[in-house]
Protein chains: 2
Amino acid sequence: MGLTIYDIAREAGVSASTVSRVLNSRPGIKKSTRERVERILKESNFSVSEAARGLVNQTSKMIGILVSDIRNQHHIEGAYMIEQHFMRKGYCSLILNAGDTDESKAEYIRILSSRRVNAAVLIGSSFQNEPVRQAIIDYMPDTPIIFQNGEFSLPNVSSVVSDEVVGIYDAAKYLYEQGRRNIAYINNNDTPSNRKKILGYEKASRELCFPRILYVCSDSAESGAEITEKLITEHPEVDAIIYAVDLIAVGGSRKLLDLGKRIPEDIAVIGTDNSPFSMISNPRLSTVDTKLQELSTSCSEILEKAIENPSYTEHVIISPSLVLRETT
Amino acid sequence: MGLTIYDIAREAGVSASTVSRVLNSRPGIKKSTRERVERILKESNFSVSEAARGLVNQTSKMIGILVSDIRNQHHIEGAYMIEQHFMRKGYCSLILNAGDTDESKAEYIRILSSRRVNAAVLIGSSFQNEPVRQAIIDYMPDTPIIFQNGEFSLPNVSSVVSDEVVGIYDAAKYLYEQGRRNIAYINNNDTPSNRKKILGYEKASRELCFPRILYVCSDSAESGAEITEKLITEHPEVDAIIYAVDLIAVGGSRKLLDLGKRIPEDIAVIGTDNSPFSMISNPRLSTVDTKLQELSTSCSEILEKAIENPSYTEHVIISPSLVLRETT
DNA sequence: AAATTTTTTGCAATCGATTTCAAAATTATC
DNA sequence: GATAATTTTGAAATCGATTGCAAAAAATTT
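Residues numbered from 1 in each chain as written. Chains lettered and ligands numbered in written order. Predicted model: local features only at pLDDT ≥ 70, side-chain atom pairs only at ≥ 80, totals over all residues. Heavy atoms only, no water.

**Q** Outline the sheet that holds strand S9 (residues 268-272) of chain A, supporting the account with residue identities and numerical values.
**A** Residue and element names in this part refer to chain A. Ordered in space as S7-S6-S8-S9-S10-S12, the six strands form an open sheet in which the pairing is mixed. Bordering the open sheet on either side are strand S7 (213-216) and strand S12 (321-323), each of which pairs with just one other strand. For this sheet, the mean angle separating the axes of adjacent strands, direction not counted, is 20 degrees. For strand S6 (residues 183-187) and strand S8 (residues 240-243), the ladder comprises four bridges, and the chain directions are parallel. The residue bridging Ala184 from the neighbouring strand is Ile241, located in S8. (Pairing = 2+ DSSP bridges. Helix = DSSP H or I, 4+ residues; strand = E, 2+ residues; numbered from the N terminus. Axes fitted to C-alpha atoms, helices over the stretch in contact; angles between N-to-C directions.)

Take a look at the structure:
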């Protein structure tokens, strides 16, 4: 390995400039020369150094994708779509686990800055905090950035969000229309996105006049089971539960069944996100579809425009929809 | 942005060399100079160009991770652990979807070569094909590579595999010992890894003298449900099913329940991989734990040694174990 | 205070590409 | 067949870092 265009040039009896022009399909090279260089390029398994190329071209041809935890199905799905979209355009994706704390997330903005990514995507509302905001201002004030499920009012930051308020509101309204009168809501960690979900629940409670029964749960099926048991013990009257996350809903449903409740006869259940396993869970979970696919597609499109024209930004809100399966 | 060390140097009234030395904590810089440069570095939010640095240092400080589909929980889990391990050492991970075809996978080897990654990880046995092998020989003959769940006999390629033969064999043997006599096996796509699973099933069938009932299924819960229905119709005597993949087993179990079968009373079910959802599925799935965690840890460790000493390779086989839950 | 040693610093080359500009080679025109 | 127009090519600068070597500055020794 370690071949450079100078090695190729020597072998072909031309200058490095000529090799470079062949590599980049530039015009003005005699056909016979081009073919000879191409042959040698192929024969010697030459591969250009993207680092050197990036240095002179002032571009890394990389997209930075920050996720708080790539093991999260929902997040990785978004990263996947963006990766696929940009790989077709010749970009590689730096998919990074930005970690739990605000500081580690800000640190990752710095890492992306050092790598000179052409654009960055922040997936998940957990990036919506001051250290990240400051890091963007300090280290990436001109790089196109897009927030998937979050927002910053900054000149280079676009956003695509799902309307969480409406999602939970619609779920509660549907349950109410089906005759449920004691609709509980189990929220997840305190993030901007989850706060909006509470708003939706409260709005429905206010408008439809049903009592608020609100619990908070951490991000696992086990925790969902635990909190659900507590909920049912303290509020035996509950006849419907909305969960902020599908995984938690699956854990909760399982516990309800174990406690001898029938789903949906005794208690209806609705999750959030329309995760892949919500469809294979037993019973199949009804859920608020936050339209991940559309979110990601929109994300890629906006980012592409922003890369071409760095002053371009766009802010999109996508309406969720209810997917009714066996738990309602 | 776009500040260079020359800008910093001018500001601090020193040369670029001095700035570089401060950046890399090199000795032999007067304390007062170091502090002044550091202050200016911080004040101006300088971030080094890793591309330029990589060019002179002949290293990209990147690890390439190739996965056929990052949305696959099982694969991404492996990528996650490697990413975490190397991020702590200052490396970024290029996690790429290498796609379905052999050619696209080989193409990604070329991409990693252009990016001059310090090492590469190929996750999943689907990389075990001739075009990839040739691409490694042509484009990355000296870069440390490790295969997670696959193998190439090449001087720069290490491997970590789970012993698939033993995994399925043990599952079948366990079922037999529990009194099951008509143990079917449902395999997935024809890959080296899945062929080994068949070997394990056949070995058990031969040694324990039970009839072979083998079906093949594609990689989804729906397909699992479909094939399972076919199996039960054609072989009503079956009293246990082993599946090559947890997801397929979940789809299959669900169908068995729908058909009025009791699990495990009428039919026992065992999946493979101990995927996250095997624990939350209903009923909770018994499964062959292929020890993903250990596999990945081992992977990172070997790769780290190989980066330090490029001639280092290692081949590890990890024994799977049975995780018994509610379907057996 | 001069000579010597040690500590700090800067110059210039280097990494592997791309690109501008001018020179060389080729083709067209008279 | 000489001149002009056009096509190909190469030399050298550039991108933003790092580093070996020599010069300058500071600290020690005499």
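**Q** Kindly report on the sheet that holds strand S6 (residues 183-187) of chain B, identifying the contributing residues and their values.
**A** Residues and elements named next belong to chain B. If you trace the six strands from one edge of the open sheet to the other, you get S7-S6-S8-S9-S10-S12, paired in mixed fashion. Lying at the two open borders of the sheet, with one neighbouring strand each, are strand S7 (213-216) and strand S12 (321-323). Neighbour-to-neighbour, the strand axes of this sheet turn through a mean angle of 20 degrees, independent of strand direction. Looking at chain direction, strand S9 (residues 268-272) and strand S10 (residues 286-289) are connected through three bridges and run parallel. Paired with Gly271 across the two strands is Thr287, which belongs to S10. Along the sheet, helix H10 (residues 221-234) contacts S6, S7 and strand S8 (240-243); its crossing angle with S7, the most-contacted strand, is approximately 150 degrees. Contacting S8, S9 and S10, helix H11 (residues 246-258) crosses the sheet at an angle of about 160 degrees to S9. (Contact = heavy atoms within 4.5 Å.)

**Q** Quick one: what's the story with the interface of chain A and chain B, residue by residue and with numbers?
**A** Bring the parts together and some accessible area is lost; that lost area is often taken as the interface size. Across the boundary between the two partners, chain A contributes 54 residues, which contact 53 residues of chain B. In total, chain A and chain B occlude about 4900 Å² of area from one another, counting both sides; carbon and sulfur atoms represent 54% of this. A per-residue breakdown of the area chain A buries against chain B is headed by Arg71, Arg115 and Arg254 of chain A, which together make up 15% of the total. One can count two salt bridges joining chain A with chain B. Among the ionic pairs, Glu326 of chain A bridges to Arg254 of chain B, the shortest N-O distance being 2.8 Å. Along the contact surface separating chain A from chain B lie 27 residue pairs in polar contact (both at pLDDT 80 or more). (Buried area = accessible area lost by both parts, 1.4 Å probe. Salt bridge = Lys/Arg side-chain N within 4 Å of Asp/Glu carboxyl O. Polar contact = N/O pair within 3.5 Å; in protein donor to acceptor, adjacent residues only side chain to side chain.)

**Q** Break down the protein's contact with DNA strand C for me, citing the residues and quoting the values.
**A** Thr4 and Ser20 of chain A together with Ser15, Arg21 and Thr33 of chain B are the nearest of the 30 residues found near DNA strand C. Sugar plus phosphate, as a fraction of atoms of DNA strand C within 4 Å of the protein: 66%. One of the side-chain nitrogen or oxygen atoms of Asn57 of chain A is found 3.3 Å away from a sugar or linking oxygen of DNA strand C. Gln58 of chain B has a polar side-chain atom sitting 3.0 Å from a phosphate oxygen of DNA strand C. Residue assignment for the surface near DNA strand C shows that the elements contributing at least two residues are helix H1 (5-12), helix H2 (16-23) and helix H4 (50-57) of chain A together with helix H2 (16-23) and helix H4 (50-57) of chain B. For the surface near DNA strand C, the leading source of residues is H4 of chain A, giving five residues. (Near = heavy atom within 4 Å.)

**Q** Talk me through the pairing of S7 of chain A; I want residue IDs and the actual numbers.
**A** All names here are of chain A. Burial of the side chains of S7 is restricted to one face: Ile213 and Tyr215 are buried, whereas none of Leu214 and Val216 on the reverse face is. In terms of strand pairing, S6 meets S7 through four bridges, oriented parallel. Residue Asn187 lies in a different strand from S7, and its bridge partner there is Val216. Traced from S6 through helix H9 (residues 192-208) to S7, the parallel crossover comes out right-handed. (Buried < 20%, exposed > 50% of the residue type's maximum accessible area, 1.4 Å probe, protein only. Right-handed = clockwise from strand over helix to strand, strands pointing away.)

**Q** Report on the packing of H10 of chain B against H11 of chain B, specifying residues and quantitative values.
**A** For any two helices packed against each other, the geometry comes down to the angle between their axes and how far apart the axes lie. Residues and elements named next belong to chain B. The geometry of H10 relative to H11 is characterised by a closest axis approach of 7 Å and an angle of 50 degrees between their N-to-C directions. One way to sum up the angle between H10 and H11 is to call them oblique. Helix-helix and strand crossings are classified by hand; for H10 and H11 the assignment is right-handed. Within the contact between the two elements, H10 uses Ala221, Gly224, Ala225, Thr228, Glu229 and Ile232 and H11 uses Leu247, Ile248, Gly251, Gly252, Lys255 and Leu256. (Parallel < 35°, antiparallel > 145°, perpendicular 65-115°, else oblique. Left-handed = near helix turned anticlockwise from the far one by under 90°.)

Nothing here speaks to function; it is all geometry.
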